[in-house]
Amino acid sequence: MSPEFSEKIQKKIKEIVARYPQKEAAILPVLHVAQQEFGYISSEEEKQVAGILGVKPIRVREVVTFYTMLNREPVGKYHVQVCSNLSCSLLGAEKLIDYLKQKLGVEPGKTTKDKKFTLSLVECLGACEQAPCMMVNFEYYGNLDKKKIDKILDDLK
Amino acid sequence: MVKIFIDEKSFEVEDGITVFKAAKEAGIAIPHLCYHDAFPPEGSCRMCLVEIEGLPKLELACSTQVRDGMKVFTKSERVVEARKGVLEFLLAEHPLDCPICDKAGDCKLQDYYETYGLFESQFREVKEKREKKAKIGKNLIHDEERCIICKRCVRFLKEVTHTQELGIFERGIHTSVNIYELLPVDNNYSGNLAQICPVGAITDTDFRFKTRSWLLKKGKSICPLCSRGCNISIEYHPGFPHFQVPKKVFRIYSLENPDVNGFWICDLGRYGYSYIDENRLDRIMIKKEEQKIEPTWEQSLQFIAEKIKGLNFLKKTSQIALVLNTWLSNEELFLIHKIFKSDLNVESIFFADRPQSEGDDILLTPERSPNRRGAQEMGLSIQPVKLETLATKTRLLLVFGSSIQDQFSSSDIKKVLDKIETKILFASHSNDLISFFDIVLPTALIAEKGGSLTNVEGRIQKFSPVFEPSGDSLPEWMMLADLGREFGINPSFYEQLKTPEAISIETEKEIPFFREKK
C-alpha cells in the first residue's frame, strides 16, 4: 500500500477541487498531482483520490484507464514514450522502436531491471513536424535517428 | 411554440425541445440506440443522425434543439447512407450470435440492421475476442462482445439508483463496460439493466435461454407486490392447450408511466411472478360434511347466500365475520362494503395481509399488497385480524386470501376455525389452510381479472385481464355480485353489476374519494 497523501498534497488537491463546480471535473488534475507524488496510480491511489473527492472509485478508474499518460503500474526513472502513429511510422519509427527494444533490453510496456527506463508505445504525440519523435518524461525529442537516440539515452544515464 | 418541418410536413412543437422529441410527438420514429427518454442525450451511438437544411453536416436528433422554421429530413438519401455507415461500424465488432442471443426479436440493433443494413460485410478482419459471460450481478450476465457502449446501464446506475456499480474502462477498441474490482451490481433495480440494454450485452439469468421473445404474448397490468402500482407488461407463453401445456409467465417488463413508476420497476416486482403459475388452486373444494352440495359455482354461492339469509332473518348478522386483504380491487372492496357493511351491518371486518417489509426511496413501498389505500378510502378500517375475536361469536366466517397463515400457525388457526360453524375461503393458491374450511373457492389474480387499484399516493389505476383465470377460478367481484343478488336484500342493484366498470360507476356514486379522483 502506498503512503497516505501528505498534508501538502491534500492542500494542493483542495485548491484544485475549489476551481470546479463539479467534483468529478477535478478527477483528472488531481490524478496528475497523485501521479507526480507516487509515480503511478494503482487501485490504492484510485481509492484515495475518490475518497478525497467524494466520488466512487469506479469514476476515478474510468479516467485512469482512459488516459494513457496516467500509469497504472510503477514506471522507471525515465519513461520513454515512442510514437507509433502514422507520420512517425512513415519516417521509420518501427525501426527505431526495434532499436530501443534492443538497446534497453525490454519489450514495450516493460521496465528495465535497474528501474531506470520504461519503454512505451504511444499514439500521436502531436509533434508530426518533428517525426519520428518520442517523449522522455515530459521532454520532447524529434527528428530521431539511432545516433540521436544513443546520445539522449547516454545523457540520461 | 415553433413551426418546424419534418420530412416536408409542418408541425407546431414546443420551443426548446429536441428534434428527436419533436419527431416522436409527430409520430415519426428516429432510430436510436443510446438515447433513452429517462436520461439526457448521450449522443454516442450516432444512429439518430438527421439532415437539417442549411447545416453542412448531419446533426444528432437526440441533442439538437428545434428552431423556428427548421427543416428536418429523417429519411433523405444522405441520412440513410450515414445510418448504414454507423451500423456497419457497430457491427464490425458485434458478434453474429443472434440465434443464441436472448435479445433477438426485441433487439434494436437487429431491427435497424433489417431496415438499413449493408448485408454484405466489407470487413475481412477477425473480430476481437472478449468476455462473453461475465456475471456482473445476481441476475445479470454481461457479454462484452455484444456491447455497443451506449452507456445506458452506466447512466441508469448513476442517475436512478446512484449506486454506480458499472463504469466504462479503457478506450478505443478496448473500451468496455465493467464492474469495479469484482463488486457486483447489487441493488433492487438491477433487472432494469437487461431491459434497457438495446442489444443483448446484458442479459438476465432469470430469462436467459428459456424461451424466445417472439413466442411471448404481452399484456399490460399493474404490479401487485407493493402499493406503488407500477405499470408492467406481463410476457407469457400461451401454452399448447391441445397438448395440455399450460400458459407460463416468462418475464415482467416495466411500462412507462411518468406519474407512477417513470420507466422502472424494482426487482421484487420483476422477478416475483412465479406465484402467477405455481401452486394455483384450480377447483372448488367442498369438505366431506358438506357433500350435499356439488362443487359448482352456482351451488357453492347459493349455499353461502342461504347461510347469510338465515342469519339476517334471525337478525344475527353480528355472527358473520370477514377477513379481507388488500389484494382485492376497489370494485371488490366496494361490493364487500356494500353487502356486508351497508346491507347487513356486519361489524367484524378484519384484514390479514402479507407483513410489511422494507421499502426504499425510489419506488418500493413497505406494504406488500397493492390496494391498502383503496381499502382505507372505501371506509373500511384496516384492523388486523385477532384469532380470539374470531372465535367468540362467529358462526359464518368468510376469509379472502391466505395471509392469516403469515401471522398465525396452522394449528392455532385450525383450533379457532373448528369452533366456527361455517367457514369459507376465497383463495388463489393451494396451501395448508384449505383443509380447515367447508368450502374453498378459487379466485383470479390481478393479472386475470379487471378492476382498479388505488396506489399509495391515492392514484386510481385500471387494469384488464392479461389472460384467462387459472382453472375454474373466478374474479372475486363476480362472486360478490352473485352473492349480493342471491341473498336478496336489493337483487336488482347487484343484477346490473356485470362488469368491473359497472361496479366502478356505483363506487363513484357512493364514495366521494373515487368520484373526485376520477
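Because the structure is predicted, anything quoted here is derived from the model rather than measured.

Caption draft 1: Quick peek at the side chain of Asn 455 of chain B. Locating Asn 455 of chain B in the fold gives a position in the loop between strand S20 (451-454) and strand S21 (460-463). Other than its neighbours up to four places away in sequence, Asn 455 of chain B contacts Ser 227, Arg 228, Gly 229, Val 260, Pro 370 and Arg 373 of chain B.

Caption draft 2: A look at the domain arrangement of chain A. The assigned domain composition of chain A is domain 1 (7-66) and domain 2 (78-156). Using C-alpha coordinates to define each centre, domain 1 of chain A is positioned 29 Å away from domain 2 of chain A.

Caption draft 3: Local environment of the side chain of Arg 146 of chain B. Note on placement: Arg 146 of chain B falls in the loop between strand S7 (140-142) and helix H4 (152-159). Residues contacting Arg 146 of chain B, with those up to four places away along its chain left out, are His 94, Pro 95, Asp 97, Ile 100, Cys 101, Lys 132, Val 199, Gly 200, Ala 201 and Thr 203 of chain B.

Caption draft 4: Local environment of empty space enclosed by the protein. Residues and elements named next belong to chain B. Under the counting rule described, the total for this entry stands at six cavities of 30 Å³ or more. Put simply, the largest cavity is a space of about 170 Å³. Lining the largest cavity are 17 residues, with Ala 194, Asp 204, Phe 207, Arg 251 and Tyr 253 sitting closest to its centre. Among the elements of the structure, helix H5 (191-196), strand S10 (202-204), strand S13 (248-254) and helix H6 (267-271) are those that each provide at least two residues to the lining of the largest cavity. Class assignment for the residues of the lining of the largest cavity results in seven nonpolar, three polar and seven charged. Within this model, the second largest cavity holds a volume of roughly 100 Å³. Every residue lining the second largest cavity is counted, 16 residues in all, and those nearest its centre are Cys 147, Cys 150, Cys 153, Cys 197 and Ala 201. Of all the secondary structure elements, the ones that give two or more residues to the lining of the second largest cavity are H4 and H5. Considered class by class, the residues forming the lining of the second largest cavity number 13 nonpolar, one polar and two charged.

Caption draft 5: Molecular detail of the interface of chain A and chain B. In this complex, chain A contributes 14 residues to the contact, which on the side of chain B involves 16 residues. Summing the contributions of chain A and of chain B, the shared interface buries around 1,300 Å²; its carbon and sulfur component is 48%. The tally of links from chain A across to chain B stands at three salt bridges. Taking the shortest distance from any N to any O, the salt bridge between Arg 61 of chain A and Glu 181 of chain B comes out at 2.7 Å. At the boundary of chain A with chain B, the tally comes to ten residue pairs in polar contact (both at pLDDT 80 or more).

Caption draft 6: Expanded view of a negative patch on the surface. Residue and element names in this part refer to chain B. There is a patch of like negative charges on the surface, built from Glu 12, Glu 14, Asp 15, Glu 25 and Asp 68. Looking at the element boundaries, Glu 25 is found in helix H1 (residues 19-25). Residue classification places Glu 25 among the exposed positions, given a relative accessible area of 56%.

Caption draft 7: Molecular detail of the layout of surface pockets. Estimated volume of the largest pocket: approximately 960 Å³. As for the largest pocket, its lining consists of 31 residues, and the residues nearest its centre are Thr 68, Met 69, Leu 70, Ser 120 and Leu 121 of chain A. A total of four residues in the lining of the largest pocket trace back to one element, the largest contributor, which is strand S2 (residues 117-122) of chain A. In terms of residue class, the lining of the largest pocket is made up of 13 nonpolar, twelve polar and six charged. Estimated volume of the second largest pocket: approximately 810 Å³. The set of elements that each furnish at least two residues to the lining of the second largest pocket consists of H1, H5, strand S12 (231-237) and S13 of chain B. Across the lining of the second largest pocket, the residue classes tally to 13 nonpolar, six polar and nine charged.

Caption draft 8: Expanded view of the sheet that holds strand S4 (residues 139-141) of chain A. Residues and elements named next belong to chain A. An order of S2-S1-S3-S4 is seen for the four strands of this open sheet, with the pairing classed as mixed. Looking at the sheet topology across the chains shown, the edges are occupied by S2 and S4. Sheet twist, expressed as the average angle between the axes of neighbouring strands with direction ignored, equals 20°. As paired elements, strand S3 (residues 134-136) and S4 share three bridges and run antiparallel to each other. Note that in S4 the partner of Met 134 across the bridge is Tyr 141. Against the sheet, helix H7 (residues 146-156) contacts strand S1 (78-83), S2, S3 and S4, and its axis sits at roughly 5° relative to S3.

Caption draft 9: Here's a closer look at unusual backbone geometry. Cis geometry marks the peptide bond from Ala 131 of chain A to Pro 132 of chain A, where omega comes out at -10°. Mapped onto the elements of the fold, Pro 132 of chain A is located in the loop between S2 and S3. Of note in the backbone geometry, Ile 149 of chain B takes a positive phi value of approximately 55° without being a glycine. Relative to the elements of secondary structure, Ile 149 of chain B occurs in the loop between S7 and H4. On the basis of relative accessible area, Ile 149 of chain B is assigned to the buried category, the value being 19%.

What counts as what
Residues numbered from 1 in each chain as written. Chains lettered and ligands numbered in written order. Predicted model: local features only at pLDDT ≥ 70, side-chain atom pairs only at ≥ 80, totals over all residues. Heavy atoms only, no water. Helix = DSSP H or I, 4+ residues; strand = E, 2+ residues; numbered from the N terminus. Contact = heavy atoms within 4.5 Å. Domains from an automatic or database assignment. 1 Å grid on protein atoms, 1.4 Å probe; cavity = no way out; pocket = protein on both sides within 12 Å on 5 of 7 lines; lining within 4 Å. Points joined across faces, edges and corners; volume = space filled by probe spheres on them. Nonpolar A, V, L, I, M, F, W, Y, C, P; charged D, E, K, R; others polar. Buried area = accessible area lost by both parts, 1.4 Å probe. Salt bridge = Lys/Arg side-chain N within 4 Å of Asp/Glu carboxyl O. Polar contact = N/O pair within 3.5 Å; in protein donor to acceptor, adjacent residues only side chain to side chain. Patch = residues over 30% accessible without salt bridge, like charges linked within 9 Å, V, L, I, M, F, W, Y side chains within 5 Å. Areas by Shrake-Rupley, 256 points an atom, 1.4 Å probe, with all protein chains shown as cover. Lys, Arg positive; Asp, Glu negative; His and termini not counted. Charge placed at Lys NZ, Arg CZ, Asp CG, Glu CD. Buried < 20%, exposed > 50% of the residue type's maximum accessible area, 1.4 Å probe, protein only. Pairing = 2+ DSSP bridges. Axes fitted to C-alpha atoms, helices over the stretch in contact; angles between N-to-C directions.

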